[in-house]
Amino acid sequence: MTTKDLVLSALFTAIIVVLGLIPPVTLGFIPVPITAQSMGVMLAGCIIGARRGALAYVLLVVLVAIGLPVLSGGRGGLGVLMGPTAGYILGWIIGTFVTGLIAERLVRENQSAARQVAGFLAASLIGGVVVVYAIGIPWVSFAAGTPLDKVLLGSLAFIPGDILKAAIASLAARAVMVGYPLLTQRA
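Moving on to the side chain of glutamine 111. Mapping glutamine 111 onto the fold places it in the loop between helix H4 (86–106) and helix H5 (113–144). Of note is the side chain of glutamine 111, whose polar atom sits 2.8 Å from the backbone nitrogen of arginine 108. Contact partners of glutamine 111, with chain neighbours within four places excluded, come to Leu106 and Gln116.

Across all of its chains, the model carries 3 salt bridges by this definition. The salt bridge involving arginine 52 is made with aspartate 5; its shortest N-O contact spans 3.0 Å. Placement of arginine 52 in helix H3 (residues 50–65) and of aspartate 5 in helix H1 (residues 3–19) is noted, with a sequence separation of 47 residues between them. The two residues arginine 52 and aspartate 5 agree in class, both being buried. Aspartate 162 is paired through a salt bridge with lysine 165; the nearest N and O atoms lie 3.4 Å apart. Residue aspartate 162 and its partner lysine 165 are both found in helix H7 (residues 159–179); the two are separated by 3 residues, about one turn of the helix. Residue aspartate 162 shares its accessibility class with lysine 165, and that shared class is buried.

Each pair of packed helices can be described by the angle between their axes along with the distance between the axes. Packing of helix H2 (residues 37–48) against H5 leaves a shortest axis separation of 9 Å and a crossing angle of 135 degrees. Taken together, the axes of H2 and H5 lie oblique to each other. Note on packing geometry: the crossing formed by H2 with H5 is right-handed. Contacts between H2 and H5 involve Val41, Met42 and Cys46 from the first element and Phe120, Ala123, Ser124, Gly127, Gly128, Val129 and Val132 from the second. Counted by class, the contact of H2 with H5 contains 7 nonpolar, 3 polar and no charged residues.

Let us now look at the packing of aromatic side chains. Under the counting rule described, the total for this entry stands at 3 aromatic pairs. Aromatic side chains tyrosine 57 and tryptophan 92 sit 5.5 Å apart centroid to centroid with 55 degrees between the ring planes, which places their arrangement in the tilted category. Taken together, the residues tyrosine 57 in helix H3 and tryptophan 92 in helix H4 connect sequence positions 35 residues apart. For the residue pair tyrosine 57 and tryptophan 92, the accessibility class agrees, reading buried in each case. When the centroid spacing of 5.1 Å and the interplanar angle of 50 degrees are considered together, the rings of tryptophan 139 and phenylalanine 142 count as tilted. Here phenylalanine 142 and tryptophan 139 lie together in helix H5, a separation of 3 residues that amounts to about one turn. Residue classification places tryptophan 139 among the partly exposed positions, given a relative accessible area of 28%. Looking at phenylalanine 142, the relative accessible area reads 62%, which means it is exposed.

As a further point, take the confidence of the model for the protein. On average, the protein scores 92 in pLDDT, and the residues at 70 or more come to 97%. Element-level pLDDT for the protein is lowest in helix H6 (residues 148–155), with a mean of 93, against a maximum mean of 97 in H3.

Rules used in this analysis
- Residues numbered from 1 in each chain as written.
- Predicted model: local features only at pLDDT ≥ 70, side-chain atom pairs only at ≥ 80, totals over all residues.
- Heavy atoms only, no water.
- Helix = DSSP H or I, 4+ residues; strand = E, 2+ residues; numbered from the N terminus.
- Polar contact = N/O pair within 3.5 Å; in protein donor to acceptor, adjacent residues only side chain to side chain.
- Contact = heavy atoms within 4.5 Å.
- Salt bridge = Lys/Arg side-chain N within 4 Å of Asp/Glu carboxyl O.
- Buried < 20%, exposed > 50% of the residue type's maximum accessible area, 1.4 Å probe, protein only.
- Axes fitted to C-alpha atoms, helices over the stretch in contact; angles between N-to-C directions.
- Parallel < 35°, antiparallel > 145°, perpendicular 65-115°, else oblique.
- Left-handed = near helix turned anticlockwise from the far one by under 90°.
- Nonpolar A, V, L, I, M, F, W, Y, C, P; charged D, E, K, R; others polar.
- Phe/Tyr/Trp six-rings, centres within 6.5 Å; stacked < 30°, edge-to-face > 60°.
- pLDDT = per-residue confidence, 0-100.

Written out as structure tokens, the structure reads:
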């Protein structure tokens, strides 16, 4: 990785931390809050790609592990990385990588705007929602001692917001690609 790659990863870590300043919304029936930081998965993957985006989230997890309150609601510390949300936090790293990988394969500069947005949307939904949920939901079930079917049912409440986040991230990624294409400059 070049210095530029490291700087972009660190920049996106800062963006993810800023997204954490938006207060989380807690739902009483599942111990996982709705946060804007999950949109960072989609933004980082679509804008800076798989490796750099995943590195941004690895850096975030390191900051959490050393106790900095960089997660939504001012949370941080090793306890968070062992609690019910830990699966989602790990899922963010893998989800960002998958989002970036799909975006790198589907989106090209010579495509129409609609195809680019559709490619970014597909990448965001698969990596930022499906992959993150596939890791986060079983962990919540394990850590909270709640049956998997109840956690799955409770997680349906997150779907509309995550689709909205994916749409916003797709439009933002397209706007950045037009002005300063970072995705095509793979790490």
